[in-house]
Amino acid sequence: APMHAERITDSICGHAEGPYWSDTWGGLRWVDMLAGDIMQLGADDTISRLPTPSPVVACVRPASSGGAVLAIEKGFALEDADGSITPLPPLWEEDVRMNEGAIAPDGSFLCGSMAYDARTGAASMWRLRPDGTTDQMLTDLTISNGLAFSADGTRAYYVDTPTARVDVFDWDETAGLVGRRTFADLSEQEGSPDGLTLDAEGNVWVAMHSGHQVLGLDERGEVAEKIAVGARQVTACTFGGPDRSTLFITTSRENLPEGEDPAAGSLFAAQPGVRGAVEERLFGA
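Bear in mind the structure is a predicted one, so any value in this text is a computation, not a measurement. (Residues numbered from 1 in each chain as written. Predicted model: local features only at pLDDT ≥ 70, side-chain atom pairs only at ≥ 80, totals over all residues. Heavy atoms only, no water.)

(A) Unusual backbone geometry, seen in detail. One non-glycine residue, serine 210, lies in positive phi territory at about 70 degrees. Topologically, serine 210 is positioned in the loop between strand S20 (204-209) and strand S21 (213-217). The residue histidine 212 is not glycine, and still its phi comes out positive at about 60 degrees. (Helix = DSSP H or I, 4+ residues; strand = E, 2+ residues; numbered from the N terminus.)

What follows is the structure, encoded as structure tokens:
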């Protein structure tokens, strides 16, 4: 029988995404993406909402400066250690927004996008280097989603949602993400792959949007665990807590009529019996 995640907040977000635990923040941050707000769960379980200057905040990750790096609607922004946010110049004008990303082994921030209408091939993967320069790394993506690097920094696991797969790339500091190949075909599973994270053993945990679940994949890409979630649109997951044994799971109310799926937009948590890596990758480090 699948494990069941516990609902740990009310339905406080419209489109909750991109959770990440950092000692820099003393807890968990995630985003209410289309509200442009960062959410933070404090050590005492209080929840704060931190507005950004952008209509969209897609992803937030810790920076070696003590602040954070953000993906906002059409590019990147930097948060100082005092909490002030400076948007960097927009990278495009099209009706496309940032969606999900990760810190690479070299301290770059990688984030992929999607068109508002999710049209095929309209999305890209962007790289913000610690020196502030940006480049487009991959094109012809559609809904660029979960991205996570192996502990040794040699591989990256990646989801472009409509493919129904988790793919794996090799990481090359100069060329970036290379050698894309299939890691797991999830087309027979309930829901579509969205965000993902790795545990300390290298297993991949993937949120299944519209599938009410998170799947745990072993090193062969086989489904080894299922975590049932009490909201349909499961968007992302990350390990957190002081010992990284809690899997935090975000869910979305996006496009849902009032009253449908009442727990959607809540934060959930599970204890799958494994831990996430304690060592954090920081932007700029």
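(B) Up close: the nonpolar core. Judged by nonpolar contacts, the single largest core of 28 residues is most densely connected at Leu70, Met98 and Phe109. Of all elements in the fold, only strand S7 (57-62), strand S8 (68-72), strand S9 (75-79), strand S11 (96-103), strand S12 (109-115) and strand S13 (123-128) reach the threshold of two or more residues within this core. Per-element tally for this core: the top contributor is S8, with five residues. Membership of the second largest hydrophobic core comes to 17 residues, among which are Phe239, Leu247, Ile249 and Ala263. (Core = buried A, V, L, I, M, F, W, Y, C linked by side-chain atoms within 4.5 Å. Buried < 20%, exposed > 50% of the residue type's maximum accessible area, 1.4 Å probe, protein only.)

(C) Inspection of the pairing of S7 at higher detail. Burial analysis of S7 places six of its six residues in the buried class, the great majority of the element. As paired elements, S7 and S8 share five bridges and run antiparallel to each other. Considered in S8, the bridge of arginine 61 is made with valine 69. Hairpin connection, S7 to S8: the antiparallel pair is bridged by five residues, and glycine 66 has positive phi, about 95 degrees. (Pairing = 2+ DSSP bridges.)

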